Amino acid sequence: MRNMTENELTGVVIERYSNTPDPRLRAVLQSLIRHMHAFVREVKLTEDEWMAGIHFLTRTGQISDDKRQEMILLSDNLGISALVNMVSAGVPEGATETTVIGPFYVPGSPEQQWGESVLRREGDEVPLVVHGRVIGPDGEAIPDAAIEIWQTDSNGMYDIQDSTQPADNLRGWYRTRPDGSFLLKTIRPTSYPIPVDGPVGELLRATERHPYRPAHVHAMVSAPGYQKLTTHLFDEEDPYLDSDVVFAVKSSLIRAFKLNESHEDAQHWQTEAPFWELENDFVLARGA
Ligand code: BEZ
Ligand code: FE
């Protein structure tokens, strides 16, 4: 085990992990080592580059806290979150597709009543009303499902990035009625740049990539007996749909927000005309 060649070293390191009792952990670690060693060989990584990478990851961890998740942001920007979603989160035909959760989800947001708005500040924005049903694969209503939504305000910032916003602004969760129906109220989302004042911003600048995500509302839908759905509703008019900085757009999640000027409809949906309207069902897959 001395004077090893490059290839012998990889084999020896992999072998050193062969007593890992958990078979999944063993397989993941051994594969990670094999691929990381191959990467080092392929690019002939220099000592300086390796140290620069270590410093980059160290800063990525150091800037992260309970409100800022630069590690998730890095994973998102390298397309790893989108790839993990693709390989692990397949849903059966007909179910609503999933996409990345992103770094701005905060558990424990407030419960909203039927039609109540998650906009918690004064403002004269045209409201966005989203109504529909949460259903299962056979079209069965799912009562008491929880639909949690979160999004940026019109300045492109989430509440946790912006101390001028009230707590829990533009986040909250709704419960479906016995027929699976729901009525959410928010504002139309805008495209926004991901945070660029940290290591991920350095990466974007060094690679001349833009930092924008297309406008979307995040939704997480859960109900006993069904798989939890983490998804987005994207605005079909957004210019960044084909260049999302985190590669998370799926065509099936793109929606048209329609301007409705009918006072009668507004009254029905507990709002005022004009309002943006989106009719949208969430279809959950069965499972734990
Ligand atoms: C988001 O949509 O909140 C998001 C997702 C990935 C990276 C940054 C932001
Ligand atoms: Fe987002």
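Residues numbered from 1 in each chain as written. Chains lettered and ligands numbered in written order. Predicted model: local features only at pLDDT ≥ 70, side-chain atom pairs only at ≥ 80, totals over all residues. Heavy atoms only, no water.

Participant: Is there a simple way to explain the overall build of the protein chain in this structure?
Facilitator: Of the regular secondary structure elements, the protein chain holds seven helices and twelve strands. Along the first, second and third principal axes, the C-alpha set of the protein chain runs to 80 × 40 × 30 Å. The 288 residues of the protein chain split such that 41% are buried. Contacts in the protein chain between residues at least 24 apart in sequence constitute 68% of all its contacts with a sequence separation of at least 6. Accessible area for the protein chain stands at about 15900 Å²; split by element, carbon and sulfur atoms hold 54% of it. (Helix = DSSP H or I, 4+ residues; strand = E, 2+ residues; numbered from the N terminus. Buried < 20%, exposed > 50% of the residue type's maximum accessible area, 1.4 Å probe, protein only. Contact = heavy atoms within 4.5 Å. Areas by Shrake-Rupley, 256 points an atom, 1.4 Å probe, with all protein chains shown as cover.)

Participant: Can you help me understand empty space enclosed by the protein in this one?
Facilitator: The rolling of a water-molecule-sized probe over the atoms marks out the regions of remaining empty space. All chains considered together, the criterion is met by two cavities of 30 Å³ or more. The volume enclosed by the largest cavity comes to roughly 70 Å³. Around the largest cavity, the lining residues are Leu73, Asp76, Val100, Gly102, Pro103, Phe104, Tyr192, Ile194, Arg213, His218 and Val246. Among the residues making up the lining of the largest cavity, the classes are represented as seven nonpolar, two polar and two charged. Counted as a void, the second largest cavity has a volume near 40 Å³. Along the walls of the second largest cavity sit Ala82, Asn85, Met86, Thr99, Val100, Phe247, Ala248, Val249 and Lys250, which together make up its complete lining. In terms of residue class, the lining of the second largest cavity is built from six nonpolar, two polar and one charged. (1 Å grid on protein atoms, 1.4 Å probe; cavity = no way out; pocket = protein on both sides within 12 Å on 5 of 7 lines; lining within 4 Å. Points joined across faces, edges and corners; volume = space filled by probe spheres on them. Nonpolar A, V, L, I, M, F, W, Y, C, P; charged D, E, K, R; others polar.)

Participant: For this particular structure, what's the right way to read the packing of aromatic side chains?
Facilitator: The description of an aromatic ring pair uses the distance of the two centres, along with the angle that the planes make with each other. Taken as a whole, this structure holds five aromatic pairs when the rule is applied. Ring centres of Tyr105 and Trp150 lie 4.9 Å apart, and the angle between their planes is 55°; this geometry places the pair in the tilted category. Of this pair, Tyr105 sits in the loop between helix 5 (80–88) and strand 1 (127–135) while Trp150 sits in strand 2 (residues 146–150), and the two are 45 residues apart along the sequence. Ring centres of Phe182 and Phe282 lie 5.6 Å apart, and the angle between their planes is 35°; on these two criteria the pair is classed as tilted. One end of the pair, Phe182, is in strand 4 (residues 181–187); the other, Phe282, is in strand 12 (residues 282–283), and 100 residues separate them in sequence. A single burial state applies to Phe182 and to Phe282, both of which are buried. (Phe/Tyr/Trp six-rings, centres within 6.5 Å; stacked < 30°, edge-to-face > 60°.)

Participant: What should I look at first to understand the environment of Glu47 in this one?
Facilitator: In this fold, Glu47 is placed in helix 3 (residues 47–62). Its relative accessible area of 63% is what places Glu47 among the exposed residues. Between the alpha carbons of Glu47 and Pro110 there is a distance of 49 Å; along the sequence they are 63 residues apart.

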